[in-house]
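# Notes for the structure review
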Amino acid sequence: MPKVRIVFDRVRLEEKMLEQKAIELGHDTKMIDAKTTQFTTESKKNDYDFGDVVLERCVSYFRGLHFTAALEFLDIPVINRTEVANNCGNKMLTSLLLKKHNVPTPKTYFTFSSEAAVETLEKDGYPLVIKPIIGSWGRGVVPLRDRETADAIIEVRELNDGPLDRIYYLQEVVTRPPRDIRAISVGDQLIAAMYRTSTGGFKTNIALGAEPIACEITKELEDICMKASKAVGGGILGIDVMEDEKRGFVVHEVNNTVEFKGLAKVAKRDIPKEMIDYAISYAKR
């Protein structure tokens, strides 16, 4: 009987759904709290039964990234790999990889000082959207519509002066309907997609109250999403797509530890089952 382990640092509905589905499918299933585990470089033996395959589901990006690296040190199959987690967790790396692999993506600027960021804004014109290179749920994502707004955001960053505050990620405002698309890829398949409609602002995150609406998976959508998946290294991914009025689909983010409770409400396929089945096949490679 395959042993499936789900690593978490906070139990959300998604982790409960994955655990229940793995048990229903007859797999030896356990949840492991990342916060209570320890590793050492002195031995590949440990006090924890990590089973045949691990689904890393930490909310904390940095905790999950480093936990994954520790599991790979132990030669334990883990989804997603450290390289994939790193590529998806850092928006700058994601944008560079998408562009390198010819995946349509919004025009994005990177600067490494507030002075250079202002110069870019003044040169290319407002509005641009500023995003933290690491973060989720739309936190810290702000449209800079004028110099006054830009100065206020930059002032806050300079006061905080965290290491990531010194990296400025600026992205064009895409002309699109008041929605975006969240799609989930599992291995080499796009299994589900939904529209996330705006709740009044320009953000469309389910965590902020956006409503999920079923989205048909067309060949065009499937092609761009699977191309994006390949660009960051594959696995189980959430791919965020916008519908540009002139260019068509553009990918703006790829998520490593994808949330799917909203999409599960409207999806035709059983998302947790697809993920567990993929994990089992991944462990057998």
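How each quantity is defined
- One numbering rule holds for all chains: residues counted from 1, following each sequence as written.
- In view of the model being predicted, local features appear only for residues whose pLDDT reaches at least 70, and side-chain atom pairs are presented and counted only at 80 or more, with totals across whole chains, interfaces and linings using the full set of residues.
- Note that the side-chain values use all heavy atoms of the structure and ignore hydrogens as well as water.
- Convention adopted: a line fitted to C-alpha atoms gives each axis, helices being fitted over their contacting stretch, and angles between N-to-C directions are expressed from 0 to 180 degrees.
- Strands are runs of DSSP state E lasting at least 2 residues, helices are runs of H or I lasting at least 4, and numbering of each runs from the N terminus.
- Any angle that is under 35 degrees is reported as roughly parallel, and any over 145 degrees as roughly antiparallel; angles of 65 to 115 degrees are reported as roughly perpendicular and all others as oblique.
- Two helices that cross are described as forming a left-handed crossing if the nearer one is turned anticlockwise from the farther one by less than a right angle, and a right-handed crossing if clockwise.
- In this analysis, two residues are considered to be in contact whenever any of their non-hydrogen atoms come within 4.5 Å of each other.
- Side-chain classes are defined by residue name, with Ala, Val, Leu, Ile, Met, Phe, Trp, Tyr, Cys and Pro counting as nonpolar, Asp, Glu, Lys and Arg as charged, and the others, Gly among them, as polar.
- Any carboxyl oxygen of Asp or Glu within 4 Å of a side-chain nitrogen of Lys or Arg constitutes a salt bridge here.
- A simple rule labels every residue: compare its accessible area, found with a 1.4 Å probe on the protein chains alone, to the largest value its type can have, and call it buried under 20%, exposed over 50%, or partly exposed in between.
- When DSSP finds two or more bridges between a pair of strands, those strands are recorded as paired.
- A pair of Phe, Tyr and Trp rings is counted when the ring centres sit within 6.5 Å of each other, with Trp represented by its six-membered ring. The angle between the planes then sorts it: under 30 degrees is stacked, over 60 is edge-to-face, the rest tilted.
- Here the bounds of each domain stem from an automatic or database domain assignment.
- Throughout, buried area stands for the accessible area (probe radius 1.4 Å) lost by two parts on being put together, summed over both.
- Pairs of N or O atoms within 3.5 Å make up the polar contacts considered here, provided that, within protein, one atom can donate a hydrogen while the other can accept it, and that residues adjacent in sequence are counted only when both atoms are side-chain atoms.

## Quick notes on the packing of helix α5 (residues 114-124) against helix α6 (residues 147-160)
The N-to-C vectors of α5 and α6 enclose an angle of 165 degrees; their axes lie 11 Å apart at closest approach. The pairing of α5 with α6 is recorded here as roughly antiparallel in orientation. Crossing of α5 over α6 shows right-handed handedness. Each of S114, V118, L121 and E122 in α5 lies in contact with α6, whose residues at this interface are R147, A150, I154 and E158. Of the residues contributing to the contact of α5 with α6, the split by class is four nonpolar, one polar and three charged.

## As for the pattern of salt bridges
In total, this model carries 23 salt bridges according to the counting rule given. Ionic pairing is found between D9 and R63, a salt bridge with its closest N-O pair at 2.9 Å. You can see D9 sitting in the loop between β1 (3-8) and α1 (13-24) and its partner R63 sitting in helix α2 (residues 61-73), a full 54 residues away along the chain. By relative accessible area, which is 36% here, R63 ends up partly exposed. With its nearest N and O atoms 3.1 Å apart, the salt bridge here joins K21 to E24. Separated by three residues within a single helix, K21 and E24 lie in helix α1, roughly one turn from each other. Of the residues examined, K21 reaches a relative accessible area of 16% and is grouped as buried. In this structure, a network of salt bridges that share partners links the residues K3, R5, D28 and D49.

## Re the pairing of strand β13 (residues 248-255)
Burial runs high along β13: seven of the eight residues are buried. Sheet analysis places strand β12 (residues 236-244) next to β13, joined by seven bridges and oriented antiparallel. From the neighbouring strand, V241 faces β13, where its bridge partner is V251. Joining the antiparallel neighbours β12 and β13 is a turn of three residues.

## Quick notes on the packing of aromatic side chains
Per the stated rule, a full pass over the model turns up seven aromatic pairs. Ring plane angle 80 degrees and centroid distance 6.1 Å describe the contact between F50 and F67, whose orientation is recorded as edge-to-face. Of this pair, F50 sits in the loop between β2 (28-33) and β3 (53-56) while F67 sits in helix α2; the two residues are 17 residues apart in sequence, bridging distant segments of the chain. Summarising the burial analysis for this pair, F50 and F67 share the class buried. Judged by centre distance (6.0 Å) and plane angle (40 degrees), the rings of Y278 and Y282 are tilted. Placement of the pair is Y278 and Y282 together in helix α9 (residues 271-283), with a separation of four residues, close to one helical turn.

## Structural notes on the domain arrangement of the protein chain
Segmenting the protein chain into domains produces domain 1 (3-86), domain 2 (108-172) and domain 3 (175-284). The straight-line distance from the C-alpha centre of domain 1 to that of domain 3 is 23 Å. Of the residues lining the interface, 23 residues belong to domain 1; the matching set on domain 3 comes to 24 residues. Counting each side, the surface lost to burial between domain 1 and domain 3 is near 2000 Å², with a carbon and sulfur contribution of 66%. In this assembly, domain 1 and domain 3 are joined by two salt bridges. Between E259 and R12 there is a salt bridge whose closest N-O contact spans 3.0 Å. Between the two partners, domain 1 and domain 3, sit eight residue pairs in polar contact (both at pLDDT 80 or more).

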